[in-house]
Amino acid sequence: MVFTRNSITVTGKEAPPEDFSEEFPEILPVLRRQINGLCDKSTLLKRLPVLNWLPKYQLNYLFSDFVAGLTVGLTAIPQGIAYAVVAGLEPQYGLYSGFMGCFMYFIFGSCKDITIGPTAIMSLMVAHYVTASPDYAVLSCFLSGIVIFLLGVLNLGFLVQFISIPVTAGFTSAAAITIASTQLKSLFGLPGHANDFIEAWSNFFRNITYIKLWDSVLGICTVVFLLILKRLGSIQKWRLFFRYLSLSRNALAVISGTVLAYLLYKFNNETPFALTGNVASGLPSFQPPPFSTIVANETVHFSEMIHTLGSSIIAIPMVSILESVAVAKAFSKGKTVDATQEMIALGACNIMGSFVLSMPITGSFTRTAVNNTSGVKTTFGGVFTGILILLALGFLAQTFYFIPKTTLAAVILAAMFSMVEYELLIKLWRTRRIEVVPFLVTLLSCLILGLEYGIVIGVGVNLLFVLYTTARPNTTRDVCKIIDTEILVVSPDQSLVFSAAEHFKYKVLKYAVNAPDAVSLIVINGHYVQSIDVTVAMNLNSLVGDLKILGKSVLFWNWPRQTVALAWRLSPEFGALFKRVENMDDLVKLWQNDKQDYINGISCS
């Protein structure tokens, strides 16, 4: 005998109540739409933001952009020289890295406040590879640009989302501490090398007896001077004067130190400070990045250079993207940040920068903050910054000779104080203490093993937390009585994937064994489940048989259509256990009717 109910035919094997077949997506139409979209005017305007705002540019914007550009330039010049020293390069490389990013971001950038250039983190990450030749820094800039640009074109910016805030904060804090530690050598006039945290402190204590008095005095006084000027920016009386005085603090510190060193040299024919020395004047030649170099009178080919750069080919672009996008979000003022466009812009900045001997560059938080505070209106402000750096290279390079190294170290140290995320650590401790673990793991790994390995370890630890959460979903259980039937309701609180399959099956069986003897029906509520995979489906199917041995019936209630379809394709008998009804009363009635139909079917046969 055949029974028909709710569009389900019961004949020993049940047919699905609707079409649950799986269709493969049509790839060609999708590709055709994507290719056609590349030729649209809207795409051109989106990928070249300058075409959007330049026709609407107002003359009164020009003064604001000019003032902001010059103010940022006064910060970028001393910072560029200082970051080149951090990277182990000659000072002019910091200026070479400072202007091309400004010009390219003017065309491709979507955030008016961002200033692209050398940063402390980029300098530190490249420092390990330039000891043999500065060509490694330039090639790293080119390769980073290629990687970033391709990631942007392929819309792979979501990869950065795997780096959580605690990991980012731990990385940034470790970088700040490492950079500050490497500046102890220059701050106190010590000999030796210091490219990472452990080496810096080891060098400090090993050479502590060689501390130079006047370098130390000037360096410490400069740090205090910078911190005081930074605080002056918050004074309300004569607010405009103190604001620009605060913004110009780096330039004032470097100019003061340079003038002092020059005067001492003029009158005494020597200075008590270690000086920056000769800075090559003139503009860099526009040429392709080096794909080979000379080290110890031997030619190092491209493949060998790639081998030397190693994991930094991926690590530097990812950190560069992370830093730039984070800066863009911080100054977006509620607007949506187009991460893809920012990656395309950053990639173009690095690619073109490598043609003028630039080291890897990214968005600078310090200079972006100066740009924003100075009232910049458009990315045209960056053009004035770039022009000022070019003028400094062309006409002021000789004056950089007298910049005391301890002054540059003080500029970097003062900037690092605000980069240590101690406030976030306190907030993590107050809100969710388990998040402190990836923060501390990233921090310690970066300090001990280096930034590239540290951030990989931090991301790995964070992913372990995610994997554990997916493998051990929380479930709730409730025993209730509906229509004279004792039922056990089990509800997972998230989607189920293969790693959770065995654990979830074990928990349901455990609940069933420990349930009262009167419980005859187990309902697995899939209200919070968005999807499952084949492994989960097969484990649930075997769960049905295991519960049947225990004398328990199972129904799956509130599961989404995608999951129901997968169950039907796996097994019609299994799929028929997924019921889509309004409430629990209807579900129990349906189960009771199914039992009665089954009994009647046996008696009729």
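*Asks:* Got a sec to walk through the overall build of the protein chain? Specific residues and values, please.
*Replies:* Within the protein chain one finds 27 helices and 11 strands. In terms of C-alpha radius of gyration, the protein chain reaches 32 Å, well past the compact-globule figure of 25 Å for 605 residues. Along the three orthogonal principal directions, the C-alpha set of the protein chain runs to about 120 × 65 × 60 Å. Considering the protein chain as a whole, with its 605 residues, one finds that 49% of them fall into the buried category. Across the protein chain, the fraction of contacts at a sequence separation of at least 24, relative to all contacts at a separation of at least 6, is 78%. In the form shown here, the protein chain has an accessible surface area of approximately 30,000 Å², with 63% of it arising from carbon and sulfur atoms.

*Asks:* Explain the pairing of strand S8 (residues 485-492) to me, and be specific about the residues and the numbers.
*Replies:* Sheet faces and side chains relate simply in a regular strand, where the side chains alternate between the two faces. With respect to burial, S8 is a largely interior element, seven of its eight residues being buried. Summarising the sheet, strand S7 (residues 475-482) and S8 pair through eight bridges and their orientation is antiparallel. From the neighbouring strand, Cys 480 faces S8, where its bridge partner is Ile 487. Taken together, S7 and the strand that follows it, S8, pair antiparallel across an intervening segment of two residues, in which Ile 483 is found at a positive phi of about 50°. Where S8 meets strand S9 (residues 519-525), five bridges bridge the pair, whose relative direction is parallel. Across the sheet, the residue bridging to Glu 486 is Val 519, located in S9. With helix H23 (residues 498-514) bridging S8 and its parallel neighbour S9, the resulting β-α-β unit is right-handed.

*Asks:* An account of the environment of Trp 568 is needed here, citing residue identities and associated values.
*Replies:* On the secondary structure map, Trp 568 appears in helix H25 (residues 561-570). Sequence separation of Trp 568 and Phe 578 is 10 residues, and the distance between their C-alpha atoms is 8.9 Å. Of note is the side chain of Trp 568, whose polar atom sits 3.2 Å from the backbone oxygen of Gly 575.

*Asks:* I'd like a rundown of the state of the cysteines, residues and numbers included.
*Replies:* Counted under the stated rule, the structure contains zero disulfides. Free cysteine: Cys 111, not disulfide-bonded; nearest cysteine sulfur from Cys 349 at 13 Å.

*Asks:* Describe in detail the packing of aromatic side chains, supporting the description with residues and values.
*Replies:* Per the counting criterion, the structure on display carries 25 aromatic pairs. Arranged with centres 5.6 Å apart and planes meeting at 70°, the rings of Tyr 93 and Tyr 96 form a pair that is edge-to-face. Placement of both Tyr 93 and Tyr 96 in helix H5 (residues 92-108) is noted, with a separation of three residues, approximately one turn of the helix. A relative accessible area of 7% places Tyr 96 in the buried class. Put simply, the rings of Trp 53, Tyr 57, Tyr 61, Phe 66, Phe 106, Phe 380 and Phe 384 pair up and form one aromatic cluster.

*Asks:* Tell me about the nonpolar core, and name the residues and values.
*Replies:* Ranked by size, the top nonpolar core spans 98 residues in total, and within it Met 125 and Met 416 carry the most contacts. Contacts of Met 416, omitting those with residues within four sequence positions, involve Ala 120, Ala 176, Ile 179 and Ala 180. With 43 residues, the next largest nonpolar core counts Val 490, Ile 532, Ala 537 and Phe 578 among its residues.

*Asks:* Run through the environment of Val 489, naming residues and quoting values.
*Replies:* Here Val 489 is to be found in strand S8. For the pair formed by Val 489 and Ser 354, sequence separation is 135 residues and the distance between their alpha carbons is 63 Å. If near-sequence neighbours (up to four positions away) are discounted, Val 489 is found in contact with Thr 476, Arg 477, Asp 478, Cys 480, Val 523, Asn 525 and Met 584.

*Asks:* Requested: an account of the pattern of salt bridges, with residues and values cited.
*Replies:* All told, the structure shown has four salt bridges when counted by the stated rule. In this structure, Asp 338 and Arg 47 form a salt bridge, with 3.4 Å as the shortest nitrogen-oxygen distance. Of the two residues, Asp 338 is situated in the loop between helix H15 (312-330) and helix H16 (339-353) and Arg 47 in helix H2 (residues 41-47); the sequence distance between them amounts to 291 residues. A relative accessible area of 25% places Asp 338 in the partly exposed class. In this structure Arg 47 comes out as partly exposed when scored by relative accessible area, which is 24%. Linking Asp 113 and Lys 112 is a salt bridge whose minimum nitrogen-to-oxygen distance equals 3.0 Å. According to the relative accessible area criterion, Asp 113 is buried, its value standing at 2%. A relative accessible area of 30% means that Lys 112 is categorised as partly exposed.

What counts and how
- Residues numbered from 1 in each chain as written.
- Predicted model: local features only at pLDDT ≥ 70, side-chain atom pairs only at ≥ 80, totals over all residues.
- Heavy atoms only, no water.
- Helix = DSSP H or I, 4+ residues; strand = E, 2+ residues; numbered from the N terminus.
- Rg over C-alpha atoms; globule rule 2.2 N^0.38 Å.
- Buried < 20%, exposed > 50% of the residue type's maximum accessible area, 1.4 Å probe, protein only.
- Contact = heavy atoms within 4.5 Å.
- Areas by Shrake-Rupley, 256 points an atom, 1.4 Å probe, with all protein chains shown as cover.
- Pairing = 2+ DSSP bridges.
- Right-handed = clockwise from strand over helix to strand, strands pointing away.
- Polar contact = N/O pair within 3.5 Å; in protein donor to acceptor, adjacent residues only side chain to side chain.
- Disulfide = S-S within 2.5 Å.
- Phe/Tyr/Trp six-rings, centres within 6.5 Å; stacked < 30°, edge-to-face > 60°.
- Core = buried A, V, L, I, M, F, W, Y, C linked by side-chain atoms within 4.5 Å.
- Salt bridge = Lys/Arg side-chain N within 4 Å of Asp/Glu carboxyl O.

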